[in-house]
Amino acid sequence: NPFVRVPLYHGPPATPLPPPVFKTHVVEGNGLNPVWDGQEAANFSCLNPDVGILLFAVYDHCNITKTDLFIGTSAVPVSCLREGYRCVSLYDSNNTRSGAMKYASLFIKVKIEL
């Protein structure tokens, strides 16, 4: 039952406000190849794109215990984002791409508006 959480870190660490966060809905019963139907879209305004980072974090939601188990993550600098379809490789909790995480990725569509 995966879902994706995407916070945008784009300011100094001492900023008292939490970063803006986008969260997808939970895809029930499809952990191998979940598809989010495209009706959801993350819209962010980045104050400082030179230091901005998007963190894609994938979790597995357990309906029984109501907890979210970490699956994988990837951090992408905002300055490196380009429009179009992109493949974001995921890394495990040890920041490696081995074992079950060797080919894990998110397929995303990026649209940049100035």
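Our subject is the structure listed above.
Here goes a summary of the coordinates provided. (Residues numbered from 1 in each chain as written. Predicted model: local features only at pLDDT ≥ 70, side-chain atom pairs only at ≥ 80, totals over all residues. Heavy atoms only, no water.)

Structural notes on the environment of lysine 102
Counting through the fold element by element, lysine 102 comes out in the loop between β5 (84-89) and β6 (105-110). Separated by eleven residues in the primary sequence, lysine 102 and tyrosine 91 have C-alpha atoms spaced 8.3 Å apart. (Helix = DSSP H or I, 4+ residues; strand = E, 2+ residues; numbered from the N terminus.)

A short note on the sheet that holds strand β1 (residues 2-9)
One open sheet accounts for four strands, arranged β2-β1-β3-β4; its pairing is antiparallel. Here the strands that pair on one side only, and so sit at the sheet edges, are β2 (21-23) and β4 (67-77). Taking each pair of neighbouring strands and ignoring which way they run, the sheet shows an average axis angle of 20°. As defined by bridge partners, β1 adjoins strand β3 (residues 53-62) across six bridges and the pair is classed as antiparallel. When the sheet's bridge partners are listed, valine 4 is paired in β3 with valine 58. (Pairing = 2+ DSSP bridges. Axes fitted to C-alpha atoms, helices over the stretch in contact; angles between N-to-C directions.)

Here's the deal with the layout of surface pockets
The volume enclosed by the largest pocket comes to roughly 1,600 Å³. Considering the residues around the largest pocket, the lining is formed by 42 residues, among which Ala42, Phe56, Ile108, Lys109 and Val110 are closest to the centre. Within the residue set of the lining of the largest pocket, elements represented by two or more residues are β1, β3 and β6. When its residues are assigned to classes, the lining of the largest pocket shows 29 nonpolar, eight polar and five charged. (1 Å grid on protein atoms, 1.4 Å probe; cavity = no way out; pocket = protein on both sides within 12 Å on 5 of 7 lines; lining within 4 Å. Points joined across faces, edges and corners; volume = space filled by probe spheres on them. Nonpolar A, V, L, I, M, F, W, Y, C, P; charged D, E, K, R; others polar.)

Considering the packing of aromatic side chains
Under the criterion given, the structure shown has three aromatic pairs. What links up through ring pairs into an aromatic cluster is the set Phe3, Tyr59 and Phe70. The ring of phenylalanine 3 carries lysine 23 above its face, with NZ or CZ at 4.6 Å from the centroid. One cation-aromatic arrangement involves arginine 97 over tyrosine 91; the distance from NZ or CZ to the ring centre is 5.7 Å. (Phe/Tyr/Trp six-rings, centres within 6.5 Å; stacked < 30°, edge-to-face > 60°. Lys NZ or Arg CZ within 6 Å of the ring centre and 35° of its normal.)

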